[in-house]
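Read off the chains here:
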Amino acid sequence: MSDLHNFTPPRWSRRAFLSGSAAAIAGGYGFAPGFGRADQVPDKFDGSAFKLSAPEPNPRSGGILRMGIPNRVPHFDLHQSGTFFNLGTMACMFDNLIRHDPRDSGKTIIPDLAHSWEIGKDAKTYTFSLRKGVQFHDGAELTAEDVKATFDRIAKPPSGISIPRSILFAAVSEINARDKYTVEIKLSEPRPTSFIMAAIASGWNVIVRKKTLEDNNYNLRKAEIYPGTGPFRSVRRVENQIWVMEKNPNYWNTGLPYLDGIEFYHVLPFSPEMGSAILSGRVDYVRVTDPVTARKAAATPGMTTTSYHQSVIQATWVNNKRKPLDDPRVRRAMHLALDRPVLVDVVKDVAPMMVGGFLYPFSEFATPKEELGRRLGYQSDPAAAIKEARALMAAAGHGDGIKGLDYMVREIATFKLWSQAIQAMLRETLNIECNLRTVVDSVWFDDAKNGNFDLAIGAIVSTLLDPSDYFNAWYGKDGPQNYSFWDNKEFQALSPQIDREVDAEKRQDLIRQAEAIMEQDPPLLPVSWEKINDVWYNYVKGHNPYEYFGIYDVVRLDTVWLDKA
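Analysis parameters
- Residues numbered from 1 in each chain as written.
- Predicted model: local features only at pLDDT ≥ 70, side-chain atom pairs only at ≥ 80, totals over all residues.
- Heavy atoms only, no water.
- Helix = DSSP H or I, 4+ residues; strand = E, 2+ residues; numbered from the N terminus.
- Rg over C-alpha atoms; globule rule 2.2 N^0.38 Å.
- Areas by Shrake-Rupley, 256 points an atom, 1.4 Å probe, with all protein chains shown as cover.
- Lys, Arg positive; Asp, Glu negative; His and termini not counted.
- Charge placed at Lys NZ, Arg CZ, Asp CG, Glu CD.
- Buried < 20%, exposed > 50% of the residue type's maximum accessible area, 1.4 Å probe, protein only.
- Salt bridge = Lys/Arg side-chain N within 4 Å of Asp/Glu carboxyl O.
- Pairing = 2+ DSSP bridges.
- Phe/Tyr/Trp six-rings, centres within 6.5 Å; stacked < 30°, edge-to-face > 60°.
- Contact = heavy atoms within 4.5 Å.
- Expected span 1.5 Å × (residues − 1).
- Axes fitted to C-alpha atoms, helices over the stretch in contact; angles between N-to-C directions.
- 1 Å grid on protein atoms, 1.4 Å probe; cavity = no way out; pocket = protein on both sides within 12 Å on 5 of 7 lines; lining within 4 Å.
- Points joined across faces, edges and corners; volume = space filled by probe spheres on them.
- Nonpolar A, V, L, I, M, F, W, Y, C, P; charged D, E, K, R; others polar.
- Core = buried A, V, L, I, M, F, W, Y, C linked by side-chain atoms within 4.5 Å.

Novice: So what's going on with the overall build of the protein? Residues and values would help.
Specialist: On a plain count of helices and strands, the protein comes out with 17 helices and 20 strands. Against the globule reference of 24 Å for 565 residues, the protein gives a C-alpha radius of gyration of 24 Å, in line with a compact fold. If one aligns the C-alpha atoms of the protein with their principal axes, the spans along those axes are about 75 × 55 × 40 Å. Surface summary for the protein: the accessible area is close to 20,600 Å², and the carbon and sulfur share equals 48%. Computed over 66 positive and 69 negative side-chain charges, the separation of the two mean positions in the protein equals 2 Å.

Novice: Please provide a residue-by-residue account of unusual backbone geometry, values included.
Specialist: Both trends apply: most residues other than glycine have a negative phi, and most peptide bonds are in trans. Along the chain, Leu 256 connects to Pro 257 via a cis peptide bond; the corresponding omega equals -10°. Position of Pro 257 among the secondary structure elements: in the loop between β10 (242-247) and β11 (261-265). For the peptide bond that leads from Lys 323 to Pro 324, omega is 0°, which places it in the cis range. Along the chain, Pro 324 falls in the loop between β13 (303-318) and α9 (328-337). At Asn 217, a position not held by glycine, the phi torsion is positive, near 55°. As for its placement among the helices and strands, Asn 217 is situated in the loop between α6 (210-215) and β9 (232-238). On the basis of relative accessibility, which here comes to 66%, the residue Asn 217 falls in the exposed class. A positive phi angle is found at Phe 270, which is not glycine, with a value near 65°.

Novice: Hey, could you go over the pattern of salt bridges for me, with residue numbers and the actual values?
Specialist: Inspection of the entire model under this criterion finds 39 salt bridges. Taking the shortest distance from any N to any O, the salt bridge between Lys 180 and Glu 141 comes out at 3.2 Å. Of the two residues, Lys 180 is situated in the loop between β7 (172-179) and β8 (182-187) and Glu 141 in the loop between β6 (125-130) and α4 (144-155); the sequence distance between them amounts to 39 residues. When the shortest N-O distance is used, the salt bridge between Arg 437 and Asp 447 registers 3.1 Å. Of this pair, Arg 437 sits in strand β16 (residues 432-439) while Asp 447 sits in helix α14 (residues 441-450); the two residues are 10 residues apart in sequence, bridging distant segments of the chain. According to the relative accessible area criterion, Arg 437 is partly exposed, its value standing at 26%. One connected set of salt bridges, linked through shared partners, spans Arg 375, Arg 512, Glu 515 and Glu 519.

Novice: Run through the pairing of strand β5 (residues 114-119), naming residues and quoting values.
Specialist: The buried fraction of β5 amounts to 5 of the 6 residues, a majority that puts the element mostly inside the structure. Examined bridge by bridge, β5 and β6 share 5 bridges and lie antiparallel to one another. Bridge pairing in β6 links Ala 114 to Leu 130. Linkage of β5 to β6, two consecutive antiparallel strands, is achieved through a turn of 5 residues, within which Ala 123 is found at a positive phi near 60°.

Novice: I'd love a proper account of the packing of aromatic side chains, names of residues and values included.
Specialist: Taken as a whole, this structure holds 30 aromatic pairs when the rule is applied. Aromatic pair Tyr 360 and Tyr 470: ring centres 4.9 Å apart, planes at 85°, arrangement edge-to-face. Of this pair, Tyr 360 sits in the loop between β14 (353-354) and α11 (369-372) while Tyr 470 is found in helix α15 (residues 467-475), placing the two residues 110 residues apart along the sequence. Classification of Tyr 360 as buried rests on a relative accessible area of 0%. With a relative accessible area of 0%, Tyr 470 lands in the buried category. Taken together, a centroid distance of 6.2 Å and an interplanar angle of 35° make the contact between Trp 474 and Trp 529 tilted. Separated by 55 residues along the polypeptide, Trp 474 in helix α15 and Trp 529 in strand β18 (residues 525-537) bring together distant segments of the chain.

Novice: Kindly report on the pairing of strand β17 (residues 455-461), identifying the contributing residues and their values.
Specialist: Within β17, 7 of the 7 residues are buried, leaving the element largely enclosed by the surrounding structure. Burial along β17 is two-sided: Leu 455, Ile 457, Ala 459 and Val 461 facing one way and Ala 456, Gly 458 and Ile 460 facing the other are all buried. Where β13 lies against β17, 7 bridges are found, and the strand directions are antiparallel. Across the sheet, the residue bridging to Ala 315 is Gly 458, located in β17. The pairing of strand β15 (residues 402-410) with β17 spans 3 bridges and is parallel. Note on β17: the bridge partner recorded for Tyr 407 is Leu 455.

Novice: Just give me the short version of the environment of Asn 253, but keep the residues and values in it.
Specialist: Relative to the elements of secondary structure, Asn 253 occurs in the loop between β10 and β11. Exposure remark for Asn 253: the relative accessible area of 5% places this residue in the buried category. Between the C-alpha atom of Asn 253 and that of Gly 377, which follows or precedes it by 124 residues, the distance is 51 Å. Beyond its immediate chain neighbours, meaning those up to four positions away, Asn 253 contacts Lys 51 and Leu 52.

Novice: Residue-level account of helix α17 (residues 504-520), with values.
Specialist: In a regular helix each residue adds 1.5 Å, so 17 residues correspond to 24 Å; α17 covers 25 Å between its end C-alpha atoms and thus fits that length. If you check which residues of α17 are buried, you get Arg 507, Leu 510, Ile 511, Ala 514, Glu 515, Ile 517, Met 518 and Glu 519.

Novice: Give a description of the environment of Lys 211 that names residues and reports values.
Specialist: Take Lys 211: it is sitting in helix α6. Residues Lys 211 and Ser 188, spaced 23 residues apart in sequence, show a C-alpha to C-alpha distance of 28 Å.

Novice: Please set out the sheet that holds β7 residue by residue, giving values where relevant.
Specialist: Overall, antiparallel pairing links the 5 strands, which are arranged β1-β5-β6-β8-β7 in an open sheet. On the outer flanks of this sheet lie β1 (44-46) and β7, each paired with one strand and no other. Put simply, the sheet's adjacent strands are angled 20° from each other on average, direction ignored. In this sheet, β8 lies alongside β7 in antiparallel orientation, the contact comprising 6 bridges. Opposite Glu 174, over in β8, you have Lys 186 as the bridge partner. α4 rests against β6, β7 and β8 of the sheet, and its axis sits at about 170° to β7. Contacts between helix α5 (residues 193-201) and the sheet are confined to β5, β6 and β8, with β6 contributing the most and set at about 40° to the helix.

Novice: Any details on empty space enclosed by the protein? Residues and values, ideally.
Specialist: In this structure, the largest cavity encloses a volume near 180 Å³. For the largest cavity, the lining is made up of 15 residues, of which Gln 80, Arg 221, Phe 445, Lys 449 and Tyr 483 are closest to its centre. Class assignment of the residues belonging to the lining of the largest cavity gives a composition of 5 nonpolar, 7 polar and 3 charged. Along the wall of the second largest cavity there are 17 residues; nearest its centre are His 543, Tyr 548, Val 554, Leu 557 and Val 560. Residue assignment for the lining of the second largest cavity shows that the elements contributing at least two residues are β2 (64-68) and β12 (285-287).

Novice: Could you give an account of the nonpolar core, with specific residues and numbers?
Specialist: Judged by nonpolar contacts, the single largest core of 98 residues is most densely connected at Ile 262, Phe 264, Trp 418, Ile 422, Leu 426, Ile 432 and Leu 455. Here this core takes 9 residues from helix α13 (residues 413-430), the largest share from any one element. Among the nonpolar cores identified, the runner-up in size contains 47 residues, and Leu 142, Val 147, Met 197 and Ile 207 belong to it.

Laid out in structure tokens, this is it:
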């Protein structure tokens, strides 16, 4: 075995790896995994006369939208989900209490099932007035009890229920149905209004019937079809093939939806099948396609493409419950061994990615790109990082490396490519040997949650761009997506200070302190940060994806219409 103290350049190189077998499989598979930025939300808003319609004049009604999008759901519980494989197809069957406006890329909070709201002067009481006469797909009327049951479950999940966005509502002390059409949400302490309203408006937080929850013991994972109030309802579903929706004739927003229905065809993101489906005209719209297809579409008359940031981190989780992975020195060594510019290059024709650390690299909170690029673990030349990584391994008593780690890989093209690259990087730089185990989405999420792995590569989503969301959800001791089971006491003490600090400069300093802690004691190994390519034919109108943050908040398709005979 090699002595890790004696530094020698790694035997792999960027050029060699890109021309190797891993790159050859780039086109063979697909990829999966938000929060739209909210403008300042008014404390009091009367939207009783508000009516949503398409942004264009004279929209046409009728037609079937053919969407190329994954429908291989790991389960059917939207609240418990963390993957677009659920929300991408299911969101159109549901509504929210309030929502992100699809006409401005989700930047503004607008009414939905609640037509009006009032926020108390103490910033601790949020009161919502519901529309009357709204019907679930089974004919039952929506009431405040349904909204209360929905948010009670999201904010404080019952035993055995894990909801990634529960952490957003940590300050919620009680939820009350004041009368049949009035809901009140109370906080134990103030939070920024924009934070709370954006959390409530998250596309994930759809309203379901109280009876539906009761009938399923508050767990909807196996409930394939359950009633929503949304613009579309399910007609037919064939696993891994198609999910057919029809227009809800009793939809409360008169005039919507414009479409007669939607056909969701199962094509995995970033896959050749997705590119072929849109370029050949078999579908009208695809989301999360590869850069090559996007370039071809941009050069094709009658087609449009755009890209936007995704609310997801691509990472490898390191199981802190297993030795020697519980040692921060080992985790930092692995963190430093990853050549991130290479990892971005490895998938450049499969998915658009960018180098980043533990914070969204395109946010105002993040370390500037130039500064990050000078930091060990992010430099274009990995020699200094590898030298320190080897010293850390030796200090931890693993100078000869580690054998036989179980590396769980989500069955998606980017993760298959990255896992092979990371396997080579760890072996060649630190003599850490991993056995790759590729699994489908449902197994990956279950095994990740239950700790059945040593290393696990995948992606997780946040709801807001604000660190108070994902610091708690991803890195918090009991965070619902803390798959590494990481518990750094110094970080845990800082996190609530970040949540409460209202002075922007002081808050930024706290965030920097938290980032420095994670660099030395990594809660995960950041791989890259994603962008999304959408491609569609120009006759698809009524949508505005140009400035989305993520693909989770503006996915209902109720304002979409087809400008063709």
